[in-house]
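Observations on the three-dimensional arrangement
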Amino acid sequence: MAQTKLRMAVIGCGFFAQNHLNAWGMIPEVELVAVCDRDPEKAEAARARFHAGRAYTGAEAMFQAERLDFVDIVTTMETHRPLVALAAQHGVHVIVQKPLAPSWEDCVAIVETCRVAGLRLMVHENFRFQTPILAVRKAVAEGRIGTPHFAQLSFRSGYDVYAGQPYLATEKRFILIDLGIHILDVCRAIMGEARTLYSVTQRINPAIVGEDVATTVIRHENGGTSIVDCSYSSQRLPELFPQTILRIEGERGTIELLEDYCLRITSNGAVEERSAEPDAPSWTAKPWHVVQESVLNLQRQWVSAWLDGTEPETSGADNLLTYSLVMAAYESAERNAVVVPWRG
Ligand SMILES: NC(=O)c1ccc[n+]([C@@H]2O[C@H](COP(=O)([O-])OP(=O)(O)OC[C@H]3O[C@@H](n4cnc5c(N)ncnc54)[C@H](O)[C@@H]3O)[C@@H](O)[C@H]2O)c1
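Quick caveat: nothing in here was measured; it's all calculated off a predicted structure.

Overview of the packing of helix H8 (residues 175-191) against helix H10 (residues 316-335)
Between H8 and H10, whose axes approach to 9 Å, the crossing angle comes to 125 degrees. As the angle between them shows, H8 and H10 are arranged oblique. Where H8 crosses over H10, the two elements pack in a sense that is right-handed. Residue-level inspection shows Ile175, Leu176, Ile177, Ile181, Leu184, Asp185 and Arg188 of H8 in contact with H10, the latter providing Asp318, Leu321, Thr322, Tyr323, Leu325, Val326, Met327, Ala329 and Tyr330. Looking at the contact of H8 with H10, its residues break down into twelve nonpolar, one polar and three charged.

See below:
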């Protein structure tokens, strides 16, 4: 018997949703039943371009009219809590973009709402699904370097992120909650949970409100150390945006993700080097392809977890642990103190 497709909708058809919509088009197990954006032009443009069944300007009307299995929420964070609550009222499972919400209280409420309603919740935390980062994670999991005891995860760029996402320039809290959240999540995926952290932040660009440089040192549960450094004020050519540079050391070797996706593995005294650049789909464009393709990888994880009946890797509960690192980093920077993050 033919498998029926999962009926889904996308809420928010702005800048980043274009990647979600393109990627869903490559996943045969789903059907894009509807799109929703409070801006009617954006909703209609997405409906036409991605062959969605219907376009809506209000989520409530959409949930009332459509029979949906899940919804993909790609709006900015202040709208996530009410939109997830609406989805839960209608018994619809949820994927929601990062950051989960502006406050810890809202994040916990979102996770609790879905748990009580018995609904799946995945946070669209896509960096850990980037092809080069998956290659690093695989090499660590295979024991190529033994147990990791040190990691440096670095994202430093001077790219004008404010052009595509003007709201970033006015956020009181900026780089840690917008970008650092991704890199801290990759850090967790590779090095495990944090015991303590210390963070310093700076605002270099005078035209923005929040911090645009942050360096965080983490002591992990297993005794290992990580340095997570992020900057949107690093002028350097060639510009590396949006590459994450990694160095992971274990007792038997080192795994490095270097410029232009060069993956170098030093293991038991032998060195191996190869490109880990993704073979990206046609709708992606360099240099963003590594991020765009990770959207597809994440969506495939959601569908395969759904079909297997398992939890998605970046579930709401999992993402609270990443979000707690961001909160602890802000607290640490404000108090100039070592902070113990919430660990569940
Ligand atoms: N994971 C990543 O790599 C990545 C990259 C960029 C942005 N993001 C995240 O994606 C989210 C969206 O960012 P963006 O830059 O696309 O923002 P955007 O402002 O371009 O798009 C958001 C859209 O949502 C619509 N919208 C807002 N509230 C709505 C509501 N209640 N109902 C229906 N539509 C509503 C807006 O009209 C807008 O079109 C943010 O949370 C951002 O952090 C993630």
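Next comes the rest of the write-up.
Points about the domain arrangement of the chain
As assigned here, the chain comprises domain 1 (6-119) and domain 2 (127-282 + 315-335). Taking the mean C-alpha position of each, domain 1 and domain 2 sit 27 Å from one another. Counting residues at the interface gives 14 residues for domain 1 and 15 residues for domain 2. Across the domain 1/domain 2 interface, buried area totals approximately 1,100 Å², and carbon plus sulfur atoms make up 78% of it. Of all residues in domain 1, Phe15, Lys98 and Trp104 bury the most surface against domain 2, accounting for 42% of the area lost on that side. Counting across the domain 1 and domain 2 interface gives one salt bridge. With its nearest N and O atoms 3.3 Å apart, the salt bridge here joins aspartate 178 to lysine 98. On the surface where domain 1 and domain 2 come into contact, there are four residue pairs in polar contact (both at pLDDT 80 or more). Looking at the side of domain 1 that touches domain 2 residue by residue, the class counts come to eleven nonpolar, two polar and one charged.

Some remarks on the site of the ligand
Around the ligand, 20 residues are found, and the nearest of them are Phe16, Asp37, Lys98, Asn126 and Tyr167. One nitrogen or oxygen atom from the side chain of aspartate 37 is found 2.6 Å from an oxygen atom belonging to the ligand. Within the side chain of asparagine 126, one N or O atom sits 2.7 Å away from a nitrogen atom of the ligand. In isolation the ligand has 850 Å² of accessible area, and contact with the protein removes 88% of it. When each cavity is represented as a set of grid points, the ligand is found to reside in the largest pocket. Residues that form the shell around the ligand fall into these classes: seven nonpolar, nine polar and four charged. Lining the shell around the ligand are residues from two domains, each supplying at least three of them: domain 1 (6-119) and domain 2 (127-282 + 315-335).

Re the sheet that holds strand E1 (residues 6-11)
Taken together, the six strands give an open sheet; going across it, the order is E3-E2-E1-E4-E5-E6, and neighbouring strands pair in parallel fashion. Looking at which strands have only one partner, the edges of the open sheet turn out to be strand E3 (54-56) and strand E6 (121-124). Averaged over all neighbouring strand pairs, the angle between strand axes comes to 25 degrees, with direction disregarded. Judged from the four bridges that link them, E1 and strand E4 (residues 70-73) form a sheet pairing that is parallel. Note that in E4 the partner of alanine 9 across the bridge is valine 71. On top of the sheet, helix H9 (residues 289-308) reaches E1, strand E2 (30-36), E4, strand E5 (93-97) and E6; it is set at about 170 degrees to E6, its chief contact.

What to know about the layout of surface pockets
By volume, the largest pocket is sized at about 1,200 Å³. Along its surface, the largest pocket is lined by 49 residues, and Phe15, Phe16, Thr76, Gln165 and Tyr167 are the ones closest to its centre. Elements that contribute at least two residues to the lining of the largest pocket include exactly helix H1 (17-24), helix H7 (161-164), H8 and H9. Among the elements that take part in the lining of the largest pocket, H8 stands out by supplying four residues, more than any other. Each of two domains, domain 1 (6-119) and domain 2 (127-282 + 315-335), supplies a minimum of three residues to the lining of the largest pocket.

Examining the environment of threonine 201
Mapped onto the elements of the fold, threonine 201 is located in strand E8 (residues 194-202). For the pair threonine 201 and serine 226, spaced 25 residues apart in the sequence, the C-alpha separation amounts to 16 Å. Beyond its immediate sequence surroundings of up to four residues, threonine 201 is in contact with Leu176, Glu211, Val213, Ala214 and Ala333.

Some points on H9
Compared with an ideal rise of 1.5 Å per residue, which puts 20 residues at 28 Å, H9 spans 28 Å between its outermost C-alpha atoms and is within 8% of the ideal. For H9, a buried count of 16 out of 20 residues is recorded, marking the element as mostly surrounded by other parts of the structure. The positive-phi residue at the C-terminal boundary of H9 is glycine 309, with phi of around 75 degrees.

Cut-off values and rules
Residues numbered from 1 in each chain as written. Predicted model: local features only at pLDDT ≥ 70, side-chain atom pairs only at ≥ 80, totals over all residues. Heavy atoms only, no water. Axes fitted to C-alpha atoms, helices over the stretch in contact; angles between N-to-C directions. Helix = DSSP H or I, 4+ residues; strand = E, 2+ residues; numbered from the N terminus. Parallel < 35°, antiparallel > 145°, perpendicular 65-115°, else oblique. Left-handed = near helix turned anticlockwise from the far one by under 90°. Contact = heavy atoms within 4.5 Å. Nonpolar A, V, L, I, M, F, W, Y, C, P; charged D, E, K, R; others polar. Domains from an automatic or database assignment. Buried area = accessible area lost by both parts, 1.4 Å probe. Salt bridge = Lys/Arg side-chain N within 4 Å of Asp/Glu carboxyl O. Polar contact = N/O pair within 3.5 Å; in protein donor to acceptor, adjacent residues only side chain to side chain. Near = heavy atom within 4 Å. Areas by Shrake-Rupley, 256 points an atom, 1.4 Å probe, with all protein chains shown as cover. 1 Å grid on protein atoms, 1.4 Å probe; cavity = no way out; pocket = protein on both sides within 12 Å on 5 of 7 lines; lining within 4 Å. Sits in = over half its atoms within 2 Å of the grid points. Pairing = 2+ DSSP bridges. Points joined across faces, edges and corners; volume = space filled by probe spheres on them. Expected span 1.5 Å × (residues − 1). Buried < 20%, exposed > 50% of the residue type's maximum accessible area, 1.4 Å probe, protein only.

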